[in-house]
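Here are the chains, one letter per residue:
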Amino acid sequence: MDFYETHRATLDKALATIASRDYWSPYAESPRAYGEDAPAAGEAAFQERLGKAFELDQPGEGAMAVAESSPYGLALDVSYPAADPDELVAAASAAMGDWGRATPQSRAGVCLEILDRLSQNNFEMAYAVMHTTGQAFLMAFQAGGPHALDRGLEAVAYGYAEQTRLPDEMRWEKPQGKRDPLVIDKTWRVRPRGVAVTIGVSTFPTWNGYPGIFASLVTGNAVVVKPHPGTILPLAIFVEVARGVMADAGFDPNVVTLAVDSADAPIAKQLVTNPAVGMVDYTGGSAFGAWLEGNVTDALVFTEKAGVNSVVIDSAPDLKGVFRNLSVSTSMYSGQMCTTPQNIYIPRDGIDVGGERLSFDEVAGGFAAAVGGLLGDDARASDILGSIKGADTLPPIDEASAGGVVLLESRTVAHPSFPDAVVRSPVIVKVDAADRATYMREMFGPVIYVIASESTAHSLELATESAKTH
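Residues numbered from 1 in each chain as written. Predicted model: local features only at pLDDT ≥ 70, side-chain atom pairs only at ≥ 80, totals over all residues. Heavy atoms only, no water.

1. Here we look at the overall build of the chain
Point 1. From N to C terminus, the chain includes 18 helices and 19 strands.
Point 2. For the chain, the C-alpha radius of gyration of 25 Å lies close to 23 Å, the compact-globule estimate for 470 residues.
Point 3. For the C-alpha atoms alone, the extent of the chain along its principal axes is close to 80 × 65 × 45 Å.
Point 4. Each of the 470 residues in the chain was classed as buried or not, and the buried ones make up 50%.
Point 5. Put simply, of all contacts in the chain between residues at least 6 apart along the chain, 72% involve residues at least 24 apart.
Point 6. Summed over its atoms, the accessible surface of the chain is roughly 20,700 Å², and 51% of this surface lies on carbon and sulfur atoms.
Point 7. When the 35 positive and 59 negative side-chain charges of the chain are each reduced to one mean point, those points stand 8 Å apart. (Helix = DSSP H or I, 4+ residues; strand = E, 2+ residues; numbered from the N terminus. Rg over C-alpha atoms; globule rule 2.2 N^0.38 Å. Buried < 20%, exposed > 50% of the residue type's maximum accessible area, 1.4 Å probe, protein only. Contact = heavy atoms within 4.5 Å. Areas by Shrake-Rupley, 256 points an atom, 1.4 Å probe, with all protein chains shown as cover. Lys, Arg positive; Asp, Glu negative; His and termini not counted. Charge placed at Lys NZ, Arg CZ, Asp CG, Glu CD.)

If you want it as structure tokens, here you go:
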């Protein structure tokens, strides 16, 4: 099947969009756009996965049980293929021969077909993301499905554009006056770098995983996908779909394989130090990211690690609008995102609000009240907060409460549909800029510091420092 021709219009539009930088997406982000039957069908497909072995016809024998569990209390009990890391890399290397020799058009067509098939089961993916990460359903649907697909498509478009900006073949001629011209027939071949290893994150497996995966695939590299041991199912579904498309297109399905491990027996280091590995894409904690950067020297290493995100408030014509924005961005998914603001800097002598001077305490108190109001109803709070992914996220909430003046206590929220879900609202703590040991570090989860600085310039200095050092 010629997947390139099938999806050529989508690719052409994507290429135009990366040039114009306009908004465009072929993947609807509203669940209502998929029809009345899609939600139930997706949930049924997800439920069908539970309590069974996830079958993939790839190298390896047997299945392994994992510690993957739902933060909402649903029993998953999915086991995954057990495989030796070196065996997977060898299979990927062998499969990369025909895949790497294929035309950019052929590879782009296959990648677009993978994206298209994934878009058809966005609801199954949403439930898989929700029940492995703790995201609320709507976030799991959008971030795990359409928005992740957007990022994959963007990577395909950029990869295709790079491969096709030079001619495949041409005749180069230099005039020589009365003598015959110098003539050289030139051919350009795109050569894949090597097997790519994607190391998944526990919180946004597809959103963070697809860009690197599709960038590698469209440029001719095979990919070994190693999910986080606590969040496997979403990327396993991706691998299943991708292998099916590869087979339908006449390629070795081992262009894409799944490597599963456990926290007690990790395999990432063995994978990335295999000589056949040419690229590593990693999202996760800073410690292992730093190890990759320092120890994997024979491959390109791309890391997206933890950070301390800051907001500097200098003035505002509409402070209520600022509070509405900040209350959502600081609360969404219980602060378990790499983009969640943690530190909010406000000058200790206050700010100008529409020509009126408000004190630090008025601004800080107004923000805390806005968050409390947003999350006052348990049902609405559950839709915004989702569920806490890991038990190690809970102690920092109590630790933060002892580090300053608490403006808003964290409270336990009762989830209306999942009584076993652990849902906590953010704690908001007021501290002084001098108390650097308290706020100049990452507090993963629902912890927000409101920091009294000497001035806006001082706020910017502190925000810059936290960005550089964390």
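There is more to say, and it comes next.
2. Describing the sheet that holds strand E13 (residues 351–353)
Point 1. Spatially, E11-E13-E14 is the arrangement adopted by the 3 strands of the open sheet, whose pairing is mixed. Edge positions in the open sheet fall to strand E11 (315–316) and strand E14 (356–358), since each of these has one partner strand only.
Point 2. One ladder, built from 3 bridges, connects E13 with E14; its direction is antiparallel. When the bridges of E14 are listed, Ile351 appears paired with Leu358. (Pairing = 2+ DSSP bridges.)

3. Topic: the pattern of salt bridges
Point 1. The full count for this structure, using the stated rule, is 21 salt bridges.
Point 2. With a closest N to O distance of 3.5 Å, Arg357 and Asp349 form a salt bridge.
Point 3. What makes Arg357 partly exposed here is its relative accessible area of 49%.
Point 4. For Lys430, the salt bridge identified is with Asp361, shortest N-O distance 3.2 Å. Within this pair, whereas Lys430 is found in strand E18 (residues 427–432), its partner Asp361 is found in helix H14 (residues 360–374), the two being separated by 69 residues in sequence.
Point 5. Residue classification places Lys430 among the partly exposed residues on the basis of a relative accessible area of 22%.
Point 6. The exposure class assigned to Asp361 is partly exposed, which follows from its relative accessible area of 48%. (Salt bridge = Lys/Arg side-chain N within 4 Å of Asp/Glu carboxyl O.)

4. Concerning the sheet that holds strand E7 (residues 256–258)
Backbone hydrogen bonds hold the strands of a sheet together, and the pairing may be parallel or antiparallel.
Point 1. Taking strand neighbours across the sheet as the criterion, the 5 strands line up as E7-E6-E5-E8-E9 in an open arrangement whose pairing is parallel. Across the chains shown, the open sheet's two edge strands, defined by having one partner strand only, are E7 and strand E9 (300–304). Averaged over all neighbouring strand pairs, the angle between strand axes comes to 15°, with direction disregarded.
Point 2. Pairing of strand E6 (residues 223–226) with E7, which is carried by 3 bridges, proceeds in the parallel orientation. (Axes fitted to C-alpha atoms, helices over the stretch in contact; angles between N-to-C directions.)

5. Description of a negative patch on the surface
Point 1. A cluster of acidic residues, Glu61, Asp84, Asp86 and Glu87, forms a negative patch on the protein surface.
Point 2. Summarising the element assignment, Glu87 is placed in helix H4 (residues 85–101).
Point 3. The exposure class assigned to Glu87 is partly exposed, which follows from its relative accessible area of 39%. (Patch = residues over 30% accessible without salt bridge, like charges linked within 9 Å, V, L, I, M, F, W, Y side chains within 5 Å.)

6. Overview of the packing of helix H5 (residues 104–120) against helix H8 (residues 146–164)
Point 1. Between H5 and H8, the shortest axis-to-axis distance is 10 Å and the interhelical angle comes to 175°. As summarised for this structure, H5 and H8 are arranged roughly antiparallel, according to the angle between their axes. For the pair H5 and H8, the contacting residues are Pro104, Gln105, Arg107, Ala108, Cys111, Leu112, Leu115, Leu118 and Ser119 in the first and Leu149, Gly152, Leu153, Val156, Tyr160, Gln163 and Thr164 in the second.
Point 2. Looking at side-chain class alone, the contact of H5 with H8 contains 10 nonpolar, 5 polar and 1 charged residues. (Parallel < 35°, antiparallel > 145°, perpendicular 65-115°, else oblique. Nonpolar A, V, L, I, M, F, W, Y, C, P; charged D, E, K, R; others polar.)

7. Focus: helix H9 (residues 205–218)
Point 1. Under the 1.5 Å per step criterion, the end-to-end length of H9 is 20 Å for 14 residues, consistent within 8% with the ideal 20 Å.
Point 2. The largest bend along H9 reaches roughly 25° and is located at Pro211.
Point 3. Within H9, 11 of the 14 residues are buried, which leaves it mostly tucked inside the rest of the structure.
Point 4. Listing the buried residues of H9 in full gives Pro205, Thr206, Asn208, Gly209, Tyr210, Gly212, Ile213, Phe214, Ser216, Leu217 and Val218. (Expected span 1.5 Å × (residues − 1). Bend = angle between axes of the 7 residues up to and from the residue.)

8. A look at a nonpolar patch on the surface
Point 1. Together, Leu166, Met170, Trp172, Leu182, Ile184 and Trp188 make up an exposed nonpolar region whose accessible area comes to about 500 Å².
Point 2. Among the elements of the structure, strand E3 (169–176) and strand E4 (179–187) are those that each provide at least two residues to the nonpolar patch.
Point 3. With respect to the helices and strands, the residue Leu182 is situated in strand E4.
Point 4. A relative accessible area of 40% means that Leu182 is categorised as partly exposed.

9. Focus on the pairing of E3
Every regular strand shows the same layout, with side chains that alternate between the two sheet faces.
Point 1. The pairing of E3 with E4 spans 7 bridges and is classified as antiparallel. The residue bridging Arg171 from the neighbouring strand is Asp185, located in E4.
Point 2. Hairpin connection of E3 to E4: 2 residues between the antiparallel strands, including Gly177 at a positive phi of 70°.

10. So, unusual backbone geometry
Point 1. The phi angle at Tyr333 is positive, at roughly 55°, despite the residue not being glycine.
Point 2. Tracing the backbone shows Tyr333 in the loop between helix H13 (319–331) and strand E12 (341–347).
Point 3. Under the relative-accessibility criterion, Tyr333 is labelled buried at 1%.
Point 4. You will see that Ser334, though not glycine, has its phi angle at about 55°, which is positive.
Point 5. Topologically, Ser334 is positioned in the loop between H13 and E12.

11. With respect to the environment of Ala263
Point 1. Structurally, Ala263 is set in the loop between E7 and helix H11 (268–272).
Point 2. Exposure remark for Ala263: the relative accessible area of 66% places this residue in the exposed category.
Point 3. Considering only alpha carbons, one finds Ala263 and Arg179, 84 residues apart in sequence, at a separation of 71 Å.

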